[in-house]
Amino acid sequence: MLTRTETKNKYGRKLVIAVTGLNAIDSPGPGVSVIRAIRECPDFECRIIGLSYESLEPGLYMHDLVDKTYQIPYPMGGTDSLMSRLNYIHEIENLDIIIPNFDAELFNFIKLRDKLKLMGISTFLPDLDQFEARDKIKLFNFGKEHDFFVPEDKIIYDMRDLRKIEENFDYPIVVKGKFYDAIIAHSMEQAEKAFQKIQAKWGLPIIVQEFIKGTEINIAALGDGKGTAISIIPMRKLYITDKGKAWAGVTLDDDALIDLARKFIHVTKWRGGCELEVMLTTDGKPYIMEVNPRFPAWIYLTAAAGQNQPASLVKMALGEEVEPFTEYEVGKIFIRYAWDLITDIREFQKISGTGEL
Amino acid sequence: MRVRKNIATSEEGFLFNPTTGDSFSTNSIGAEIILLLKKDKSTQEVVDIICDKYDVDKSLFERDMDEFSLQLKEFSILE
């Protein structure tokens, strides 16, 4: 007699979820945290496919978290080469969802969103105009338009223009790359060095921003694409690396910060995860310093505090209506640590040689 | 003077402000004072209770209490 094997999730199968951002250096990618949160969700079972760029991303070798990894082409390769690689991976793995986690790759994935949907692969990403509106280059205008506190900035394409900024800015100033990196400069000499360093790494333009003094707060938020915030978790950085990344942080209970994120999700109708980087001044003004269009590396804290944002994104990507969370645990702390993962040269050789592990 | 409603305190003298993320630790007398303030005791009542309980000069303790209250205010523990 045959008996039906019960699957413990409503989708009736193991979901196949591809995740990028598996690096875990001192400025870590969010992928490992996203996977950890997804794996903890009791509502579905999943097979995790890692999508990597380099052979030494630690997530590749975390076989208890990542079932199989495929290398994908760098974002500068464009959408055609990415699509071709995803086609290959999809033929083998039959992907349900892709969750990209790097700023630099999002443009390509957003462009491919409709094609992926036709292939049966869901994403839950912002539209291109939402994605571009919060771009560092446009943040000041975005803030003014929607009445957010944002620092004054100037977009610079030429080193000669950098010398003119002294007319409008007092030192210190913040010199930022278009995707990553920010250096505080106290003089023109330091600003020029920072300009050259960031230009060499991330290209032009360079953003020069007014320095705002205060407490660094990050907010992880998840929008449903219709203007509703499904989850908002504010976190204060307790330990900050020399790259400005949170190495430890604690969840906060501050209605003003939650209202700020709710308003951001509402006015942008943001679809997917995002992180607001906020500087709270001593007189209580929350300046939005940056909006990252994807989950932050500390996203597992949202799950630990009771609002599993990555798992909720998976459900919404599959068309499920998710009710906004109303509560979370305040005073939940994350402390990041480095761990020497040991693997064998054969594994390294396999991913390096075949692009799969 | 009242301790803000959302301030988490422990009997060991650990304080956590969930709005700012700041945490502090105080000694056992500080912890006792905060617990009394949490019970809505006035500064004068706190002074009386502590001076009744311990062998301490009242005017000296009043000065210490003023200083402690100022610190608590500065760190947004008191309303």
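Predicted model only: the values in this text are computed from it and were never measured.

Chemist: Mind showing me how you'd approach the sheet that holds strand 3 (residues 23-25) of chain B here?
Modeler: Backbone-to-backbone hydrogen bonds pair the strands of a sheet. The strands run either parallel or antiparallel. Residue and element names in this part refer to chain B. In space, the 3 strands of this open sheet follow the order 1-2-3, with antiparallel pairing throughout. The open sheet has two free edges, formed respectively by strand 1 (8-9) and strand 3, since each of these has just one partner strand. Of the strand pairs in this sheet, strand 2 (residues 14-16) and strand 3 are connected by 3 bridges, and their pairing is antiparallel. Each residue of the ladder has a partner; that of F16, found in strand 3, is S23.

Chemist: Hey, could you run me through the domain arrangement of chain A in this one?
Modeler: Accessible area lost upon the coming together of the parts is a frequently used measure of interface size. With domains assigned, chain A is organised as domain 1 (15-124 + 340-354), domain 2 (130-134 + 213-335) and domain 3 (152-210). On a C-alpha basis, the centres of domain 1 of chain A and domain 3 of chain A stand 33 Å from each other.

Chemist: Is there a simple way to think about unusual backbone geometry in this case?
Modeler: In most cases, non-glycine residues show a negative phi, while peptide bonds are predominantly trans. Cis geometry is found at the peptide bond from Y171(A) to P172(A), where omega equals 0°. Tracing the backbone shows P172(A) in the loop between helix 6 (159-162) and strand 6 (173-176). With an omega of 0°, the peptide bond between L204(A) and P205(A) qualifies as cis. With respect to the secondary-structure elements, P205(A) resides in the loop between helix 7 (188-202) and strand 8 (206-210). The backbone phi angle of D147(A) is positive, close to 65°, even though this residue is not glycine. Along the chain, D147(A) turns up in the loop between helix 5 (139-146) and strand 5 (153-156). With a phi angle near 65°, D40(B) is a residue other than glycine that sits in the positive phi range.

Chemist: Looking at this structure, I do not really get the packing of helix 1 (residues 28-38) of chain B against helix 2 (residues 43-53) of chain B. What am I missing?
Modeler: Geometrically, a packed helix pair is captured by the angle between its two axes and the distance between the axes. Residue and element names in this part refer to chain B. Look at helix 1 against helix 2: their axes get within 10 Å of each other, and the N-to-C directions meet at 135°. The pairing of helix 1 with helix 2 is recorded here as oblique in orientation. Crossing geometry of helix 1 relative to helix 2 is assigned as right-handed. Touching I33, L36 and L37 of helix 1 are V46, I49 and I50, all from helix 2. For the contact of helix 1 with helix 2, the residue count by class is 6 nonpolar, no polar and no charged.

Thresholds applied
Residues numbered from 1 in each chain as written. Chains lettered and ligands numbered in written order. Predicted model: local features only at pLDDT ≥ 70, side-chain atom pairs only at ≥ 80, totals over all residues. Pairing = 2+ DSSP bridges. Helix = DSSP H or I, 4+ residues; strand = E, 2+ residues; numbered from the N terminus. Domains from an automatic or database assignment. Axes fitted to C-alpha atoms, helices over the stretch in contact; angles between N-to-C directions. Parallel < 35°, antiparallel > 145°, perpendicular 65-115°, else oblique. Left-handed = near helix turned anticlockwise from the far one by under 90°. Contact = placed C-beta atoms within 7 Å. Nonpolar A, V, L, I, M, F, W, Y, C, P; charged D, E, K, R; others polar.

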